[in-house]
Amino acid sequence: MSTEADLADPARQPVAESGTTFDVTPTDEQKMLVDAVRDFALRACRPAALAADAGCGTPPEILATAAELGLSALGVPEAYGGALEHRATVTAALIAEALAEGDMGIALACLALGGVATALGLWGDARQQSAYLGAF
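Parameters and conventions
Residues numbered from 1 in each chain as written. Predicted model: local features only at pLDDT ≥ 70, side-chain atom pairs only at ≥ 80, totals over all residues. Heavy atoms only, no water. Helix = DSSP H or I, 4+ residues; strand = E, 2+ residues; numbered from the N terminus. Contact = heavy atoms within 4.5 Å. Areas by Shrake-Rupley, 256 points an atom, 1.4 Å probe, with all protein chains shown as cover. Lys, Arg positive; Asp, Glu negative; His and termini not counted. Charge placed at Lys NZ, Arg CZ, Asp CG, Glu CD. pLDDT = per-residue confidence, 0-100. Buried < 20%, exposed > 50% of the residue type's maximum accessible area, 1.4 Å probe, protein only. Core = buried A, V, L, I, M, F, W, Y, C linked by side-chain atoms within 4.5 Å. Salt bridge = Lys/Arg side-chain N within 4 Å of Asp/Glu carboxyl O. Axes fitted to C-alpha atoms, helices over the stretch in contact; angles between N-to-C directions. Parallel < 35°, antiparallel > 145°, perpendicular 65-115°, else oblique. Left-handed = near helix turned anticlockwise from the far one by under 90°. Nonpolar A, V, L, I, M, F, W, Y, C, P; charged D, E, K, R; others polar.

1. What to know about the overall build of the protein chain
Moving on, step 1. Counting its regular elements, the protein chain contains 6 helices and 0 strands.
Moving on, step 2. The order of α-helices and β-strands along the protein chain, N terminus first, is α-α-α-α-α-α.
Moving on, step 3. Dimensions of the protein chain, computed from C-alpha atoms along their principal axes, come out at roughly 50 × 40 × 15 Å.
Moving on, step 4. Looking at the protein chain alone, contacts between residues at least 24 apart form 74% of all its contacts between residues at least 6 apart.
Moving on, step 5. As presented, the protein chain carries roughly 8,300 Å² of accessible surface, and 58% of it is formed by carbon and sulfur atoms.
Moving on, step 6. Averaging the positions of the 7 positive and the 18 negative side-chain charges in the protein chain gives two centres separated by 3 Å.

2. Digging into the environment of valine 15
Moving on, step 1. Relative to the helices and strands, valine 15 resides in the loop between α1 (4-7) and α2 (28-55).
Moving on, step 2. Separated by 73 residues in sequence, valine 15 and alanine 88 have C-alpha atoms that sit 6.9 Å apart.
Moving on, step 3. Every residue in contact with valine 15, bar those within four places of it in the chain, is listed here: His86 and Arg87.

3. Some thoughts on the confidence of the model for the protein chain
Moving on, step 1. Overall, the predicted model of the protein chain reaches an average pLDDT of 87, with 91% of residues at or above 70.
Moving on, step 2. Of all helices and strands in the protein chain, the one with the weakest mean pLDDT is α1 (57), whereas α2 scores best (95).

4. Remarks on unusual backbone geometry
Moving on, step 1. Here the phi dihedral of cysteine 56 falls at roughly 55°; this positive angle occurs in a residue that is not glycine.
Moving on, step 2. Among the secondary structure elements, cysteine 56 is positioned in the loop between α2 and α3 (60-68).
Moving on, step 3. Judged by its relative accessible area of 74%, cysteine 56 falls in the exposed class.

5. Some remarks on the nonpolar core
Moving on, step 1. Ranked by internal contacts, the top residues of the largest apolar core, which has 20 residues, are Phe40, Ile62, Leu71, Leu99, Ile106 and Cys110.
Moving on, step 2. Among the elements of the structure, α2, α3, α4 (89-100) and α5 (104-123) are those that each provide at least two residues to this core.
Moving on, step 3. If you tally residues by element for this core, the top one is α2, at 8 residues.
Moving on, step 4. In contact with isoleucine 106, other than residues within four places in its own chain, are Cys45, Ala48, Ala49, Ala52, Thr58 and Ile62.
Moving on, step 5. Membership of the second largest hydrophobic core comes to 5 residues, among which are Ala73, Val76, Ala117 and Leu133.

6. Quick notes on the pattern of salt bridges
Moving on, step 1. As enumerated under the stated definition, the model contains 3 salt bridges in all.
Moving on, step 2. Of the charged contacts, one joins glutamate 101 and arginine 38 as a salt bridge, the two residues approaching to 2.8 Å between their closest N and O atoms. Separated by 63 residues along the polypeptide, glutamate 101 in the loop between α4 and α5 and arginine 38 in helix α2 bring together distant segments of the chain.
Moving on, step 3. Assessed through its relative accessible area of 30%, glutamate 101 is described here as partly exposed.

7. So, the packing of α2 against α3
Moving on, step 1. Interaxial distance between α2 and α3 falls to 10 Å at its minimum, and their mutual angle equals 160°. The pairing of α2 with α3 is recorded here as roughly antiparallel in orientation. In this structure, the crossing between α2 and α3 has a hand that is left-handed. Of the residues in α3, those in contact with Phe40, Ala44, Cys45 and Ala48 of α2 are Ile62, Thr65 and Ala66.
Moving on, step 2. Of the residues contributing to the contact of α2 with α3, the split by class is 6 nonpolar, 1 polar and no charged.

This is how it looks when you write it as structure tokens:
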């Protein structure tokens, strides 16, 4: 049985407009995001790396800070509180690179939820989006 939420159009992040050439030069907004993520990676992730490896897990406080920075909401449409106005692969790659400067294992743990959120943002129906994306 379908509900009204099942029939509604899902929210999608628009693709950023581009010119005629592919440009990976970071914008001012991207530079600001990368600087904040790199600072977090070097200040919090790198010192926690050995303990995270030994304990086979990322400390919950690091995951909480990553969520506060919006790392789990990169692929979430703005209608559900997403962190970015447009879907931007370059932005995601720059953020992943900056986060990995602290520790690659912790970077993957911090970005894993964002992968799920991106999949729901790109391919989820309205019911799935309303049920799950707010949590990201």
